[in-house]
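Notes for the structure review
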Amino acid sequence: MNNAKTPNWSRRLLYFFLREEYREEIEGDLNETFEENLEQYSVKKARKIYNREVIKLIRPILTKKMSGTQKLNHYGMIQHNLRVAFRSYMRYKNTFLINLVGLASGLACTLLIYLWVQSELQVNQFHENGDRLYQVLANNSTSNGIRTDRATPGGLAEALAEELPEVELAVTETWTNTYTIAHGETNLKAVGQYVGKDYFKVFSYELLQGDKDEVLSEQRNILISDKLALRLFGTTSDVVGKIINFQQFRDYQVSGVFKSPPSSSTHQFDFIMTYEEFKELNSWVLNWKNNGPSTFVILSEGTDLEAFNLKIKDFIRSHNGEPNITPLATRYNDLYLHGKFENGISVGGRIANIRLFSVIAFFILGIACINFMNLSTARVSRRNKEIGVKKTVGANRSSLIFQFLSESLLMTTVSLVLALILVWLVLPEFNHITGKQLSLVFSGELILILIGTILFTGLMAGSYPALYLSAIRPIKVLKSQSASSKSQLWLRKSLVVVQFSISIILIVSVIVINNQIQFTQDKNIGFNKDNILYFEAEGQVELNMETFLQEVRNVPGVLKASSTAHSFVEGGYTGLTYNVKWDGKDPESSVGMEYMRVNYELIELLDFEITTGRSFSTDFKAEYNKVIFNETAIKLMGLNEPIGATINIGGRDTQIVGVVKDFHYKTFRQEVGPAYFVLKPDDTWLIMTKIAQGEEQETISRLNDLYAKFNPDFSLDYKFLDQDYEAQYQSEQRVATLSKYFSGIGIIISCLGLLGLASFSTEMRIKEIGIRKILGSSRFSIVRLITGEFTKIVLIAIVLALPISYLITSNWLDDFAYRIELSWWIFALAGVFAILTAWFTVSVQTIKASMINPAQCLRNE
């Protein structure tokens, strides 16, 4: 009997598609037919007949199985597809791992950014009257355009409520500050502010004890948070009516307890006192020409905002005579994200960061999906016979599309599970970087988001492979012809170009952001912020300022000491006035100037550069009627010979004795404005000291002892000016840090995809490599051949990415009045880095391929 065997692939086809009960019957018939044909024909022809019969017999059975009513229902089809997917993953482990790591990393980044974006979007959105709650800003027309400030006249809220029927409620709020409060033997630091009597009607902070109509009705009332109540009294109940001492200055009675503001509130405070008390202690706030507090209003239902703003256009002018200050009501809920104004119009703010990171999330997820599409289509030659046989025996295109989409959705689901684990692991560090308190809580909304992510990512990543692979013509693959074509090869290269273009944009962005941050740290800001320690004067220190300063100057390690009412950084203690008049000033113009109350030696302590004239000195008399301006103010006033000129400030003639070089008392986002120093030691409360470098700890210890001598019940809470200066750019620093991490992940994902394609490319060209080596090609020439193809792809990506990256980074830098130049080397560095990264990535596979034995390459030929 002939020992010829039936064709292997036909038998495997039977085992693959048929259930056991059908398999035995059909296989028996086929074997019998094969034996008969062997007696009449050659082995080759008998096998050909056998193959034809297999196809004829399987087709009707497979058709019945796919009908869903007999042999295989839809559930069975899903089971089958999952089994095939699992086998494919196990067979091609490298491709599976690259896709898994890439998708999981991309999804983890996307989830982290989603949590952060949701947190940002929820800020200040909890107020019940949020749709009618507005903050009244002040648009100041200056020679440099319109400047929008949040500081308004102290009497604005009360006047709006009295004079305008559209205003249901209006309230004033001062800035927050850290104070010392005490009860009995307990002394501690807490953050507080002064507010108007309707504060709890305007804002939705929860009152735990007390009536919101009464808690701020008495001038000496104080409200504390539940957390502060626990610190002071050890309980949150029965604290109303108790007495709290404030700054060893005055006693106040607790009239209520409120729940600490949520983390989603921009206003964070431990206690509040009445605005009436603030007015008694700060008479300057009664002058309509002085700005400081913030103003908030609740407008009545149906009020047209545009008409209301038009109505209040001259409201401040009618009270203080300043023609160029226009109030502007802006929805309070929007200010956190849209708080940047140019020429009186909102032009963005933090919303730019949300858009930036949303785009980064889309880019990273897109890179991961491109990896999946690329590697899925690249390995088609490994599965083309499977697809060809399935189509030959009757599988329709829709069933194949369903199979490949199922594989894609399964991969996405597994990747999402891994991504959730990664998010859980890195969330504490992510919270540290962002300053948030994010948590992974599986709410109904998040579950829907996750399901939507699986569907979106799975369909996006698997759509092209499914449509492409399902369209393969079976006659080509069954004749051992490649199913790939130039169009598919071109598409895969195009996707790699897109990947690396995105990576290069991210690289350029990281370089620009970090250079701008470094620029803010390195640029001369006009004064010396290094080794400057400062703290607030409280208690006996405030009452005996000069005595304390003299003793501070005698402390070993203290080089200089003085006092001021200005912190010289944005967000600290500042001052703005419109009470400056000079000869030739247009009476219709309104000019706001930053005023800085200082003590003797403050200018020398901070090393302000005096360009003309002198500083304040005890060698001269009547220094309290002298003033020192910066260069911008002198230029604005048009004074060619400023020294000795007389300027009217607040109704009092003041003589200019000096001019200092412009300095940055705000961030680099704003141009340096006009400013001046006046000598008012009695109105200063910040003590600044310059301490010797290298002796910081010893000097601080000595200052603590001295402070305790004056204030036994107070703790010395000091700050360093250089640290506060850096904190001004905390938002940019966070953006820089996050962009580093996310860009790095995006580049790694791109490299993983490139590694997979390089592996596949060398595998497909292994016989070509063997022939080239036999013909005398060196290892270097083979490495250069394969690497050259990927180099061309990266070069195209560089050409496409650099113009886009220039536009993106230039737009980001537009937020800064003082910025770096976009030099050519930034883009060259990004391009070189991309090329080197690509070479390093593919070198592993190309060097390995160049070292292979030609005999192994051609052994099957």
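Our subject is the structure listed above.
This is a predicted model, so every value here is computed, not measured.

Here we come to the overall build of the protein. The number of helices and strands found in the protein is 29 helices and 27 strands. Considering the protein as a whole, with its 861 residues, one finds that 52% of them fall into the buried category. Residue pairs in contact within the protein that sit at least 24 positions apart in sequence constitute 78% of those at least 6 positions apart. Accessible surface computed for the protein: about 40,300 Å², of which carbon and sulfur atoms make up 54%.

Here we come to the pairing of strand S20 (residues 593-598). Here S20 lies mainly inside the structure; six of its six residues are buried. Across the two faces of S20 the burial is the same, with Met593, Tyr595 and Arg597 and Glu594, Met596 and Val598 all buried. Direction of pairing for strand S18 (residues 576-577) relative to S20: antiparallel, over a ladder of two bridges. By the bridge assignment, Leu576 is partnered in S20 with Glu594. As paired elements, S20 and strand S25 (residues 675-679) share five bridges and run parallel to each other. The partner of Met596 across the bridge, within S25, is Phe677.

This part covers the pattern of salt bridges. Tallied over the entire structure, the rule returns 23 salt bridges. For Glu120, the salt bridge goes to Lys436, with nearest N and O atoms at 2.4 Å. Note that Glu120 is positioned in helix H5 (residues 93-121) and Lys436 in the loop between helix H15 (397-434) and helix H16 (444-470), a separation of 316 residues in sequence. Using a relative accessible area of 17% as the deciding quantity, one classes Lys436 as buried. The salt bridge partner of Lys201 is Asp198, with a shortest N-O separation of 3.5 Å. Note on Asp198: relative accessible area 13%, which makes it buried. Each of Lys197, Asp198, Lys201 and Asp213 takes part in salt bridges that share partners, so that together they form one network.

Within the largest apolar cluster, 119 residues are counted, with the highest numbers of intra-cluster contacts made by Phe568, Leu606, Phe608, Phe663, Phe677 and Phe742. A total of 14 residues in this core trace back to one element, the largest contributor, which is H5. Excluding residues that lie within four positions of it along the chain, Phe608 makes contacts with Gly526, Phe527, Phe568, Leu602, Ile603, Val660, Phe663 and Phe677. Counting 22 residues, the second-largest nonpolar core is a separate cluster that includes Tyr194, Ala229, Val257 and Met273.

Definitions and limits used
Residues numbered from 1 in each chain as written. Predicted model: local features only at pLDDT ≥ 70, side-chain atom pairs only at ≥ 80, totals over all residues. Heavy atoms only, no water. Helix = DSSP H or I, 4+ residues; strand = E, 2+ residues; numbered from the N terminus. Buried < 20%, exposed > 50% of the residue type's maximum accessible area, 1.4 Å probe, protein only. Contact = heavy atoms within 4.5 Å. Areas by Shrake-Rupley, 256 points an atom, 1.4 Å probe, with all protein chains shown as cover. Pairing = 2+ DSSP bridges. Salt bridge = Lys/Arg side-chain N within 4 Å of Asp/Glu carboxyl O. Core = buried A, V, L, I, M, F, W, Y, C linked by side-chain atoms within 4.5 Å.

Fair warning: the whole summary comes from geometry, so function is off the table for now.
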